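# Observations on the three-dimensional arrangement
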Amino acid sequence: MSRRNLALVLAGVGAFLLTLIPLTRLYVAAQVLKAPLEQQSMTRSVAESATYLDPATMRPVVGELVRTRWLIGDVLAGDEDRAVWGESVSLATREEERLDYHERRLAFDRRTGAIVNCCGEYLDEDTTIRQTGQAFRWPFNAERRDYTLFDLRLRVPVTAAFDGVERIGGVETYRYVQRTPRRLVPGETAPLPRRLVGLPGKGDVGLGRYAEIRRTYWVEPVSGQPVRTVEEVKETLVTADERGRLTALDATFRTSEADVVAALDTAAAYRRWILMLGTVAPVGGGVAGAGCLVAALLLMRRRSPAAQDEEQVPGDQLADAR
């Protein structure tokens, strides 16, 4: 291959590599960095020394509680832009006696994590509830600002306020806190004997269930992956006149350390992709592209003297010389 042709090839390769920089950073990254359609995971949060209402005696007792959460993706219902996941949350004693259970299905934007109302969504078989806010994750490159979440227990949007920066397992995370004051929990509560809620007389009395919740989330901001959650919850059964009351739940649930490690690994995988697509590939392509262009220029300038003489000799003289 002649120097001229080689220079042209290098110039073309260099220009191509340089055009890949914005393409890699904007388009490719947006296509690759998405929440998966397929999802099968289980996480546990444990509350040690929790106070809860024993179903057998209907009296408060102290013991360990475990909250188990399953996430299952509906691959066929998702597409390029949205994912559809189902979530099941079960509260049980250490002896696996179930105390509470909730289930929901929803769709969310695969890039931002924001809920999308479609695709057969429901919450505890209620299809009329419209959920809003973030679902299961924060957006990629989460910001130091407040975000809206949907509280599965209270069935209302709540605010998770940015509360600072903290390192978990050596990884920088953003801390967000949901502070929900005393609020009536939707759903019916079975009547209880008056004596159990501290009222005189015989017979049962109607009750409402009220909850106070404080949830703290630690989120790896680049991936938007929550890596740890601490939930402080107090639920109280209260009569209409508020003269009778009974503690139904007083517990602090913490994500198990094994699940924290697994979430950190997931976040690290996303960070590697983001680093590759956002920095390594563009910088590497830029350096290689610039190098090809420089090499092409040098080849064009450093032409051989014989080639230069041939260009300077008129065509007919060159033919006579040959």
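Computed from a prediction, not measured in an experiment: that's the story for all the values here.

With that settled, consider the confidence of the model for the chain. In this model, the chain carries an average pLDDT of 84, and 75% of its residues clear a pLDDT of 70 or more. Ignoring residues within four places in sequence, the model shows residues 23-28, a span with pLDDT below 50, making 10 contacts including any to other chains. Here residues 306-315 is a poorly scored stretch, pLDDT under 50, and it has 5 contacts once near neighbours within four places are set aside; other chains count.

Moving on: the state of the cysteines. For the coordinates displayed, the defined rule picks out 1 disulfide. The disulfide partner of Cys 118 is Cys 119, and the gap between their sulfur atoms is 2.4 Å. In this structure, the disulfide formed by Cys 118 and Cys 119 twists by about -65 degrees around the S-S bond and is classed as left-handed. Judged by its relative accessible area of 21%, Cys 118 is partly exposed. A residue is classified by how much of its surface remains accessible, and Cys 119, at 22% relative accessible area, is partly exposed.

Here we come to a nonpolar patch on the surface. A cluster of nonpolar side chains, namely Met 42, Trp 70 and Tyr 101, defines an oily patch on the protein surface of about 250 Å² accessible area. When you line up the elements, Met 42 lands in strand S1 (residues 40-53). Since its relative accessible area comes to 36%, Met 42 is described here as partly exposed.

One pass over the structure, following the stated rule, counts 23 salt bridges. One salt bridge in this structure joins Arg 67 and Glu 231, with 2.5 Å as the shortest N-O distance. With a gap of 164 residues between them, Arg 67 in strand S2 (residues 60-73) and Glu 231 in strand S13 (residues 225-238) connect regions that are remote in the sequence. With relative accessibility at 9%, the residue Glu 231 sits in the buried group. Salt bridges linked by common partners bring Arg 67, Asp 151, Arg 215 and Glu 231 together as one network.

The next point concerns the nonpolar core. With 24 residues, the main nonpolar core has Leu 65, Trp 138, Tyr 176, Leu 249 and Phe 253 as its most contacted residues. Listed by contribution, the elements that provide at least two residues to this core are S1, strand S7 (147-151), strand S8 (156-168), strand S9 (171-184), strand S12 (208-220) and strand S14 (245-255). Per-element tally for this core: the top contributor is S12, with 4 residues. Other than its neighbours up to four places away in sequence, Leu 65 contacts Ser 45, Val 46, Ala 47, Ala 50, Tyr 52, Leu 91, Ala 92, Thr 93, Leu 99, Leu 249 and Phe 253. With 15 residues, the next largest nonpolar core counts Leu 71, Ala 135, Phe 136 and Leu 152 among its residues.

This part takes up the packing of aromatic side chains. Inspection of every chain in the model, using the stated rule, returns 10 aromatic pairs. Between the aromatic rings of Phe 140 and Tyr 270, the centroid separation amounts to 5.4 Å while the plane-to-plane angle is 65 degrees, which identifies the pairing as edge-to-face. Note that Phe 140 is positioned in the loop between strand S6 (122-123) and S7 and Tyr 270 in helix H2 (residues 257-301), a separation of 130 residues in sequence. Note on accessibility: Phe 140 and Tyr 270 belong to one class, buried. Ring pairing ties together the aromatic residues Trp 138, Tyr 147, Phe 162, Tyr 174, Tyr 176 and Tyr 217, which thus form one cluster. One cation-aromatic arrangement involves Arg 137 over Tyr 270; the distance from NZ or CZ to the ring centre is 5.5 Å. Above the face of the Tyr 210 ring, Arg 182 is positioned so that its terminal group lies 4.0 Å from the ring centre.

This paragraph deals with the side chain of Arg 137. Following the sequence through the fold, Arg 137 ends up in the loop between S6 and S7. Of the buried charged residues, Arg 137 lacks a salt bridge, with Glu 220 as the closest side chain of opposite charge at 7.6 Å. Those residues in contact with Arg 137 that lie beyond four places of it in its chain are Ala 35, Phe 108, Gly 113, Ser 223, Gly 224, Gln 225, Pro 226 and Tyr 270.

A few words on the pairing of S2. Of the strand pairs in this sheet, S1 and S2 are connected by 12 bridges, and their pairing is antiparallel. Each bridged residue has a counterpart across the sheet, and for Tyr 52 the counterpart in S2 is Val 61. A loop of 6 residues connects S1 with S2, the two strands running antiparallel in sequence, and Met 58 in this loop sits at a positive phi of about 55 degrees. In this structure, S2 lies alongside strand S3 (residues 82-93), joined through 9 bridges in antiparallel fashion. From the neighbouring strand, Val 66 faces S3, where its bridge partner is Ala 92.

Conventions and cut-offs
- Here the residue numbers are simple positions, counted from 1 along each chain's written sequence.
- In keeping with the model being predicted, local features are shown solely for residues with a pLDDT of at least 70 and side-chain atom pairs are shown and tallied solely at 80 or more, while totals for entire chains, interfaces and linings include all residues.
- Note that the side-chain values use all heavy atoms of the structure and ignore hydrogens as well as water.
- Each residue carries a pLDDT value, the predictor's own confidence for that position, ranging from 0 to 100.
- Two residues qualify as a contact provided that any one of their heavy atoms is within 4.5 Å of a heavy atom in the partner residue.
- Only a pair of cysteine sulfur atoms within 2.5 Å qualifies as a disulfide here.
- Working definition: with a 1.4 Å probe on protein chains only, accessible area under 20% of the residue-type maximum means buried, over 50% means exposed, and in between means partly exposed.
- Here the term patch refers to residues with relative accessible area over 30% and no salt bridge, with like charges joined within 9 Å and nonpolar side chains (Val, Leu, Ile, Met, Phe, Trp, Tyr) within 5 Å.
- Under the convention used here, a 1.4 Å probe and the Shrake-Rupley method define accessible areas, while residue burial counts only the protein chains that appear.
- A side-chain nitrogen of Lys or Arg and a carboxyl oxygen of Asp or Glu constitute a salt bridge if their distance falls within 4 Å.
- Secondary structure is summarised from DSSP: a helix means a run of H or I of at least four residues, a strand means a run of E of at least two, and numbering begins at the N terminus for each.
- We define a nonpolar core as any set of buried Ala, Val, Leu, Ile, Met, Phe, Trp, Tyr and Cys residues linked to one another through side-chain atoms lying within 4.5 Å.
- Side-chain rings of Phe, Tyr and Trp, where Trp is taken by its six-membered ring, are said to pair if the distance between their centres is within 6.5 Å; with planes under 30 degrees apart they count as stacked, over 60 as edge-to-face, and otherwise as tilted.
- The criterion is that NZ of a Lys, or CZ of an Arg, lies within 6 Å of the ring centre and within 35 degrees of the ring normal, and then a charge sits over that ring.
- Under the convention used here, Asp and Glu are negative, Lys and Arg are positive, and both His and the chain ends fall outside the count.
- Strands were regarded as paired on the criterion that DSSP finds at least two bridges between them.

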